[in-house]
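Summary of the model geometry
In case you want the letters, here they are:
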Amino acid sequence: MRLMMEGFRLRRRSAFYAFIFFCCWGVISGAAEYVKYKDPKKPLNVRINDLLGRMTLAEKIGQMTQIERENATAEVINKYFIGSVLSGGGSVPSPQASVETWVNMVNEMQKGAMSTRLGIPMIYGIDAVHGHNNVYKATIFPHNIGLGATRDPALVKKIGAATALEVRATGIPYVFAPCVAVCRDPRWGRCYESFSEDPKIVQEMTEIIPGLQGEIPANSRKGVPFVAGPNNVASCAKHYVGDGGTHNGINENNTIISQQGLLSIHMPPYYNAIIKGVSTVMVSYSSWNGVKMHANHYLITDFLKNKLRFRGFVISDWQGLDRITSPPHANYSYSIQTGIHAGIDMVMVPYTYTEFIDDLTLQVKNGIIPMSRIDDAVRRILRVKFTMGLFEKPYADLSLADELGKKEHRELAREAVRKSLVLLKNGKPGNEPILPLPKKAKKILVAGIHANNLGYQCGGWTIQWQGLSGNNLTAGTTILDAVKSTVDQKTEVIYSENPDEDFIRKTGASFAIVAVGEPPYAEGFGDSLNLTILSPGPKVIKNVCDIVKCVVIVISGRPVVIKPYVDMIDALVAAWLPGTEGQGVADVLFGDYGFSGKLSRTWFKTADQLPMNVGDPHYDPLFPFGFGLTTQPVKQN
């Protein structure tokens, strides 16, 4: 009997161990299957399908939601499965935040995403439209209008690569750049974000995309997003499409043009961007023939996704869905339905994200928006995240900290400044050219508020959304500082913002450098019907140039009214918005390098002529598209 009982116990124990073994094996094998999407050796589509198949509706809609940094706690990201976070213009963890502060902030948010059931990493995006422009001590490159004047796509590609390193240094893997708008009217407040009025030049300058993302591998499929590795960032071609062609240059307005005109002028840069593997495309606030772009199913889904075979994700602009209605947010349910149906995959809802999530969830559950549309959006978002390697390396580190504002990047920016300067006039009729200037002069007068104002020199989208005035916003060199460091040690440099005639005569200056132009602005705040130089600029030109030989440097985001003053000026230079490296201006003024830039935009005589672009029947410019005098470097200088 005892032996029977012992045998029974042994059998029961064996059965128990077998049960435990099979349970453990089930867990292990289940875990192996569970991490299929986390296996970098699996084909991309296998990983996407595996993950997509596991996701709930809440997790999918979370992926489609991008919220502003100030709301993005780890708890919020975890609770709502938030797929993306952004910094709006000037949105920073703290004033003059260090690289470490940025990295820690992004990683803290990432912890919230990684602690969700499926551990899908969030993607952090930021505007880096002329360098890492939100960040203290980053290198600020010339705005795109200046880069267009260089006619140098290889240089622009290097700028993309340098920008990517500085952005990655702060732990951020995604930039809302480049703007590939074809600005057809300089009255538009974003014209400086456009490389040119000529689509061919904008197409050439899409070389910034392989700079940012890395060179797409040979023989790879076209239209598929590509990011080479942790030294590169996902980029965003914007603003799709026609944002540079709005009526009277009014920001977010209506672009009135035929389909042929849209496809021949505004669409070509997107062909190049897609071929180069751009990861995302941002939709424009503007309309095409009265239809809001955020609501345009034909252009977003039929054309961009289906005809051009773009495989990355389409992102809205800031509160872009709200603006489908007028006034904005008047019928948010309708806006969500229309925008998501149109083909927008990720939605920038900086603040009202719970309203967006709740409403979209309800619309899917009620069959208003089909699950197939949600799956298309999430598939595209996951494709970009997998391609970037975010699943393998979700957290940032400080290994690239030294890249921010480093000497090599500042030298690159200085080169870009030199090549972007366009010489419009050099000497009065019958007189010798005044440029290049001699470094050895007894006295030089530098005048104008733009000569000693780093904020004015950098323009909008610098540290803050609308830009700033003054010299304490970030690290850089003003034109005045550059002149002082370039001329002979014995040369006296006298500076006055707004000198009167007596002051000018008393200086006894051999010549004067006058820097005038526009104040900083961004987006609609920069819309202007008159395009005048900021006061007291015109008065400074007149006072100085009446008395002494003068070189006038125009610091502006576009051509401005200059015709009334041209005859009194000895030499005229368009310096655009050169950024932090003002030394590049002095390099060319004093002949260490020659002038080589060519106008990427037509320079009008009067604002009444606008819009006026090269090829127009009524073309009558002050300086035509492509114009630019040249000088040779001076060795003995």
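Up top is the structure these notes are about.
Position numbers for residues start from 1 in each chain and track the written sequence from start to end. Selection of residues for local features in this predicted model requires a pLDDT of at least 70, selection of side-chain atom pairs for listing and counting requires 80 or more, and totals for whole chains, interfaces and linings are taken over all residues. The basis for the side-chain values is all heavy atoms of the structure; hydrogens and waters are excluded.

**Structural notes on the overall build of the chain**
In plain terms, the rule: Note on conventions: DSSP H or I runs of at least 4 residues are helices, E runs of at least 2 residues are strands, and numbering of each starts at the N terminus. As a reference, a globule follows 2.2 Å times the number of residues to the power 0.38, and the radius of gyration itself is taken over C-alpha atoms. Burial status follows relative accessibility: with a 1.4 Å probe on protein chains alone, a residue under 20% of its type maximum counts as buried, one over 50% as exposed, and anything between as partly exposed. The contact rule is simple, with two residues in contact once any of their heavy atoms fall within 4.5 Å. For the accessible areas, the method is Shrake-Rupley and the probe is 1.4 Å, while residue cover comes only from the protein chains on display.
The secondary structure content of the chain amounts to 22 helices and 17 strands. A compact globule built from 637 residues would reach a C-alpha radius of gyration of about 26 Å, and the chain, at 28 Å, matches this within 12%. Its C-alpha atoms put the chain at 125 × 55 × 45 Å along the principal axes. Across the 637 residues that make up the chain, the buried fraction comes to 60%. For the chain, the proportion of contacts with a sequence separation of at least 24, taken over those separated by at least 6, is 76%. For the chain, the accessible surface area stands at approximately 24300 Å², while carbon and sulfur atoms represent 54% of it.

**Description of the packing of helix α7 (residues 153-169) against helix α16 (residues 407-420)**
Operational definition: Axis definition: a line fit to C-alpha positions, over the contact stretch in the case of helices; interaxial angles, taken between N-to-C directions, run 0 to 180 degrees. Left-handed is the label given to a crossing in which the near helix is rotated counterclockwise from the far helix by less than a right angle, and right-handed is the label when the rotation is clockwise. Ten residues, namely Ala, Val, Leu, Ile, Met, Phe, Trp, Tyr, Cys and Pro, are considered nonpolar, four, namely Asp, Glu, Lys and Arg, are considered charged, and the remaining ones, Gly among them, are considered polar.
Two elements in contact, α7 and α16, have axes whose closest approach is 10 Å; the angle formed by their N-to-C orientations is 145°. Of the two elements, α7 crosses α16, and the hand of that crossing is left-handed. Mapping the contact onto sequence places L155, K158, I159, A162, L165 and E166 in α7 and H409, L412, E415, A416 and K419 in α16. Partitioned by chemical class, the residues of the contact of α7 with α16 number six nonpolar, one polar and four charged.

**Description of the state of the cysteines**
Note the following rule: For this text, the term disulfide refers to a pair of cysteine sulfurs within 2.5 Å.
All chains considered together, the criterion is met by two disulfides. Disulfide pairing places C183 opposite C191 at an S-S distance of 2.2 Å. One disulfide, between C183 and C191, carries an S-S torsion of -105° and so falls in the left-handed class. Residue class for C183 comes out buried when judged on its relative accessible area of 0%. By relative accessible area, C191 is classed as buried at 1%. Assigning the bonded cysteines of the chain consecutive numbers by sequence position, one obtains the connectivity 1-2, 3-4. The thiol of C236 is unpaired, and the distance to the nearest cysteine sulfur, on C179, comes to 9.9 Å. Classification of C236 as buried rests on a relative accessible area of 0%.

**Some thoughts on the sheet that holds strand β7 (residues 280-283)**
Test applied: Two strands make a pair as long as DSSP finds a minimum of two bridges between them.
As summarised here, the arrangement of the three strands in space is β5-β7-β10, forming an open sheet in which the pairing is parallel. The open sheet has two edge strands, β5 (236-240) and β10 (313-315), and neither has a second partner. Strand-to-strand twist in this sheet, taken as the mean axis angle between neighbours without regard to direction, amounts to 25°. When β5 meets β7, the two strands line up parallel, connected through three bridges.

**Let's talk about the packing of aromatic side chains**
The criterion, for reference: Aromatic pairing here means that ring centres of Phe, Tyr or Trp (its six-membered ring) are within 6.5 Å. Orientation follows from the plane angle: under 30 degrees is stacked, over 60 is edge-to-face, and everything else is tilted. Consider the ring centre and the ring normal. A charge sits over the ring if Lys NZ or Arg CZ is within 6 Å of that centre and within 35 degrees of that normal.
Inspection of the entire model under this criterion finds 12 aromatic pairs. Aromatic side chains Y37 and F391 sit 6.3 Å apart centroid to centroid with 85° between the ring planes, which places their arrangement in the edge-to-face category. Note that Y37 is positioned in the loop between α1 (2-34) and α2 (44-54) and F391 in the loop between α15 (371-388) and α16, a separation of 354 residues in sequence. Of the two residues examined, Y37 and F391, each falls in the buried class. Grouping aromatic residues by their ring pairs yields a cluster made of Y37, F386 and F391. One residue, R418, lies across the ring of Y593, its end atom 3.7 Å from the ring centre.

**Some thoughts on the nonpolar core**
Here is a general trend for soluble globular proteins: nonpolar side chains tend to be buried in one another's company. What counts here: What is meant by a nonpolar core is a set of buried Ala, Val, Leu, Ile, Met, Phe, Trp, Tyr and Cys residues, joined one to another through side-chain atoms within 4.5 Å.
Residues Y240 and L360 are the most contacted members of the largest nonpolar core, which totals 115 residues. Counting residues per element, this core draws most heavily on α15, at eight residues. Setting aside residues up to four positions removed in sequence, L360 forms contacts with I61, M64, I336, I340, I369 and I374. Counting residues in each nonpolar core, the second largest holds 69 residues, with Y192, I444, A482 and I541 among its members.

**Some details on unusual backbone geometry**
Residue Y240 is joined to V241 through a cis peptide bond whose omega torsion reads -5°. With an omega dihedral of 0°, the bond running from S326 to P327 counts as a cis peptide bond. Located in the positive-phi region is N219, a residue other than glycine, with phi close to 65°. Within the fold, N219 resides in the loop between α9 (208-213) and β5. Non-glycine residue N289 carries a positive phi angle of around 50°.

**Here's the deal with the sheet that holds strand β17 (residues 571-576)**
Spatially, six strands are ordered β12-β17-β16-β15-β13-β14 in an open sheet, and the strand pairing comes out mixed. One side of each edge strand has no neighbouring strand; the edge strands of this open sheet are β12 (422-426) and β14 (492-496). Strand-to-strand, the axes of this sheet are offset by a mean angle of 20°, without reference to chain direction. Note that strand β16 (residues 550-555) and β17 share five bridges and pair parallel. When the bridges of β17 are listed, I553 appears paired with V573. The strands touched by helix α18 (residues 479-486) are β13 (443-447), β14, β15 (511-517) and β16; relative to β14, the strand with the most contacts, the crossing angle is about 170°. Contacts between helix α20 (residues 537-547) and the sheet are confined to β13, β15 and β16, with β15 contributing the most and set at about 170° to the helix.

**Considerations on the environment of I250**
By the element assignment, I250 lies in the loop between β5 and β6 (254-255). Sequence separation between I250 and G524 is 274 residues; the distance between their C-alpha atoms is 7.2 Å. In this view, I250 contacts W188 and D527; residues no more than four positions away in its chain are not counted.

**Side note on empty space enclosed by the protein**
Note the threshold: We place a 1 Å grid over just the protein atoms. Points where a 1.4 Å probe fits but has no way out form a cavity, open points with protein on both sides within 12 Å along at least 5 of 7 lines form a pocket, and any residue with an atom within 4 Å of a point lines it. Grid points are joined across faces, edges and corners, and a volume is the space filled by probe spheres set on the points.
Evaluated as defined, the whole model comprises three cavities of 30 Å³ or more. A volume near 130 Å³ is recorded for the largest cavity. Split by residue class, the lining of the largest cavity holds 11 nonpolar, five polar and one charged.

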